[in-house]
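Below, each chain spelled out in residue letters.
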Amino acid sequence: MKYVIMFTTEPALLADVPAERLDAIYGEVYTWFDKYGPSFADGGAELQPVSTATTVKASRDGGEPVVVDGPFSEAKEVVGGFAILDVDDLDAAIAIARTWPYLVLPGISVEVRPIVDHSGDM
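Summary of the structure given here. (Residues numbered from 1 in each chain as written. Predicted model: local features only at pLDDT ≥ 70, side-chain atom pairs only at ≥ 80, totals over all residues. Heavy atoms only, no water.)

## Some words on the sheet that holds strand S1 (residues 2-9)
Taken in spatial order, the four strands of this open sheet run S2-S5-S1-S6, and their pairing is antiparallel. Looking along the sheet, the strands with just one partner apiece sit at the ends: strand S2 (40-46) and strand S6 (108-114). For this sheet, the mean angle separating the axes of adjacent strands, direction not counted, is 20°. Relative to strand S5 (residues 78-86), S2 runs antiparallel, the two sharing four bridges. Bridged to Phe-40 within S5 is Leu-85. Its contacts with the sheet put helix H2 (residues 19-36) on S1, S2 and S5, and the angle it makes with S2 is roughly 170°. Lying on the sheet, helix H3 (residues 90-97) is in contact with S1, S5 and S6; it crosses S6 at an angle near 160°. (Pairing = 2+ DSSP bridges. Helix = DSSP H or I, 4+ residues; strand = E, 2+ residues; numbered from the N terminus. Axes fitted to C-alpha atoms, helices over the stretch in contact; angles between N-to-C directions. Contact = heavy atoms within 4.5 Å.)

Right under this line is the structure:
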């Protein structure tokens, strides 16, 4: 079964974490992806900072969609990246998510969400 895992951060909570600590954990991420590589499918990516986002959203008056700079919502958490897992079940996906190296820091979370399978719809 496929799951997307989204790596989220609350940037304000990381403000006091020394850069050296962040760099050390970033290095652990490569090892993490190597270890769980066989469980990944269909890609994934690290995202540019939320300050680079552009959002297309419905207009309030029902007219043409509106393009705005920045994220759609004013959330405290931002998605910093995602990956797609192809594993047996939710427990397996959660087991992998629980080992995300950044989870030792405040404001870090990994959202695990099943992907809707539309392969039979065609």
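## Let's talk about H2
The terminal C-alpha atoms of H2 lie 26 Å apart, and with 18 residues this matches the ideal 26 Å at 1.5 Å per residue to within 8%. All buried positions along H2 are accounted for by Ile-25, Val-29, Trp-32 and Tyr-36. The arc enclosing the buried residues of H2, seen along the axis, measures out at 75°, which places them on a common side. Opposite the buried face of H2, at more than 90 degrees from it, the exposed residues are Glu-20, Asp-23, Tyr-30, Thr-31 and Asp-34. Looking at the packing, one finds that the buried side of H2 touches S1, S2 and H3. (Expected span 1.5 Å × (residues − 1). Buried < 20%, exposed > 50% of the residue type's maximum accessible area, 1.4 Å probe, protein only. Arc of directions from axis to C-beta.)

## Examining the pattern of salt bridges
Scanning the model with the defined rule gives one salt bridge in all. Between Glu-111 and Arg-113 there is a salt bridge, with its nearest N and O atoms 2.4 Å apart. (Salt bridge = Lys/Arg side-chain N within 4 Å of Asp/Glu carboxyl O.)

## Describing the environment of Val-4
Position of Val-4 among the secondary structure elements: in strand S1. The class of Val-4 is buried, set by a relative accessible area of 17%. Distance in space between the C-alpha atoms of Val-4 and Gly-62 is 31 Å, their sequence separation being 58 residues. Ignoring sequence-local partners within four residues, the contact set of Val-4 consists of Phe-82, Ala-83, Ile-84, Glu-111, Val-112, Arg-113 and Ile-115.

## Quick notes on the side chain of Ser-39
By the element assignment, Ser-39 lies in the loop between H2 and S2. When its relative accessible area of 18% is taken as the criterion, Ser-39 is described as buried. Sequence-distant contacts of Ser-39, defined by excluding residues within four places in its chain, comprise Ile-84, Leu-85, Asp-86, Val-87 and Ile-96.

## With respect to the environment of Phe-40
Examined against the element boundaries, Phe-40 turns out to sit in strand S2. Remark: the alpha-carbon pair of Phe-40 and Glu-77, spanning 37 residues in sequence, is separated by 24 Å. If sequence neighbours within four positions are ignored, Phe-40 has contacts with Ile-5, Trp-32, Phe-33, Ala-83, Ile-84 and Leu-85.

## A look at the packing of aromatic side chains
Following the criterion strictly, the structure yields eleven aromatic pairs and no others. Measuring from centroid to centroid gives 4.0 Å for Phe-7 and Trp-100, while their planes differ by 25°, and the two rings are stacked. Taken together, the positions of Phe-7 in strand S1 and Trp-100 in the loop between H3 and S6 put the pair 93 residues apart, joining distant regions of the chain. Exposure remark for Trp-100: the relative accessible area of 9% places this residue in the buried category. On the basis of an interplanar angle of 80° and a centroid distance of 6.0 Å, the ring pair of Phe-33 and Trp-100 is categorised as edge-to-face. Placement of the pair is Phe-33 in helix H2 and Trp-100 in the loop between H3 and S6, with a sequence separation of 67 residues. An aromatic cluster is built from Phe-7, Trp-32, Phe-33, Tyr-36, Phe-40, Trp-100 and Tyr-102, whose rings are joined through pairwise contacts. (Phe/Tyr/Trp six-rings, centres within 6.5 Å; stacked < 30°, edge-to-face > 60°.)

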